[in-house]
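Structure at a glance
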Amino acid sequence: TGSEFDVRMTADDSLIINHDPEYHQLNIEQTSFTALSVFPLSNGEALPTLRQYILEGLQQNTQTMLVLEIKPSGISKTRAMLIAEKVVKLVAELNAKKMVRYISFDFDILKKIREIDQRAFLQYLQGDRSPEQLKEARINGADYHFSVFEAHPDWVERARLNKILVNAWTVNNKEKIEGLLRQKIDFITTNEPEMLFEILG
């Protein structure tokens, strides 16, 4: 259904793809893109910008959603809002709106995106908001660690009643996948897609 990736912003406001806040022991938010790009990825490729990543993701792609996670800023909430603005602007510029879903642990980042784009598809990651709270904030999905749904077993059904889509991450255990499927969960994030497809038959 989708492929997830993480976005951070460098000290000189370049949007790049990286999961961790540091890259080669350099704090991404406090380092320029030029300084970071000196170091290749472990496979020898160059550190990708968000622009490059989206353009590549759109190539010959009509069905796999680009699940864009905006990482919270470690510097300030103001900077987090700037990152959200720049990301949404770039997605629009690249005509990628229909293929992008936004996710974030920062609730305010998602609210900022909603201000800018009324039709953006938004999913919240932190797991501290009920389906009803997400509906009120016009967030489309509860994208929570599977343990959240174990702690709140009624949230999947309550999400369904409120038309909130549900995704559980990152589920690599066969028994847990089967349990979530019995709950008729909408999406499962896994590092074992072959196993998931085998279970689905």
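The rules we used
Residues numbered from 1 in each chain as written. Predicted model: local features only at pLDDT ≥ 70, side-chain atom pairs only at ≥ 80, totals over all residues. Heavy atoms only, no water. 1 Å grid on protein atoms, 1.4 Å probe; cavity = no way out; pocket = protein on both sides within 12 Å on 5 of 7 lines; lining within 4 Å. Points joined across faces, edges and corners; volume = space filled by probe spheres on them. Helix = DSSP H or I, 4+ residues; strand = E, 2+ residues; numbered from the N terminus. Nonpolar A, V, L, I, M, F, W, Y, C, P; charged D, E, K, R; others polar. Axes fitted to C-alpha atoms, helices over the stretch in contact; angles between N-to-C directions. Parallel < 35°, antiparallel > 145°, perpendicular 65-115°, else oblique. Left-handed = near helix turned anticlockwise from the far one by under 90°. Contact = heavy atoms within 4.5 Å. Buried < 20%, exposed > 50% of the residue type's maximum accessible area, 1.4 Å probe, protein only. Right-handed = clockwise from strand over helix to strand, strands pointing away. Pairing = 2+ DSSP bridges.

Some remarks on the layout of surface pockets
Its volume calculated, the largest pocket comes out at about 850 Å³. Around the largest pocket sit 31 residues that line it, and Gly2, Asn167, Ile188, Thr189 and Thr190 are the ones nearest its centre. Broken down by secondary-structure element, the contributors of at least two residues to the lining of the largest pocket are β1 (2-9), β5 (65-70), β6 (100-104), β9 (165-169), β10 (187-188) and α9 (193-200). Grouping the constituent residues of the lining of the largest pocket by class yields 14 nonpolar, 10 polar and seven charged. Approximately 190 Å³ is the volume found for the second largest pocket. Asp13, Ser14, Leu15, Thr49, Leu50, Arg51, Lys86, Lys89, Leu90 and Glu93 together form the lining of the second largest pocket. Where the lining of the second largest pocket is concerned, the elements lending two or more residues are α2 (50-58) and α3 (77-93). The element contributing the most residues to the lining of the second largest pocket is α3, with four residues.

Things to note about the packing of helix α8 (residues 174-182) against α9
Two elements in contact, α8 and α9, have axes whose closest approach is 11 Å; the angle formed by their N-to-C orientations is 50 degrees. On the basis of the axis angle, α8 is oblique to α9. Between α8 and α9 lies a crossing whose hand is right-handed. Listed contacts from α9 to Lys174, Ile177, Glu178 and Leu181 of α8 are Met195, Leu196, Ile199 and Leu200. For the contact of α8 with α9, the per-class residue count stands at six nonpolar, no polar and two charged.

Brief notes about the pairing of strand β8 (residues 141-145)
Summarising burial for β8: four of the five residues are buried, a large majority. One crossover worth recording links strand β7 (residues 122-124) to the parallel β8 by way of helix α5 (residues 131-136), and it is right-handed. Note: β8 against β9, five bridges, orientation parallel. Each residue of the ladder has a partner; that of Tyr144, found in β9, is Ala168.

Considerations on the packing of α2 against α3
Relative orientation of the contacting elements α2 and α3 amounts to 40 degrees, with a least axis distance of 11 Å. If you check the angle between α2 and α3, you find them oblique. Two packed elements cross with a definite hand, and for α2 against α3 that hand is right-handed. Seen from α2, the contacting residues are Leu50, Arg51 and Ile54; seen from α3, they are Val87, Leu90, Val91 and Glu93.

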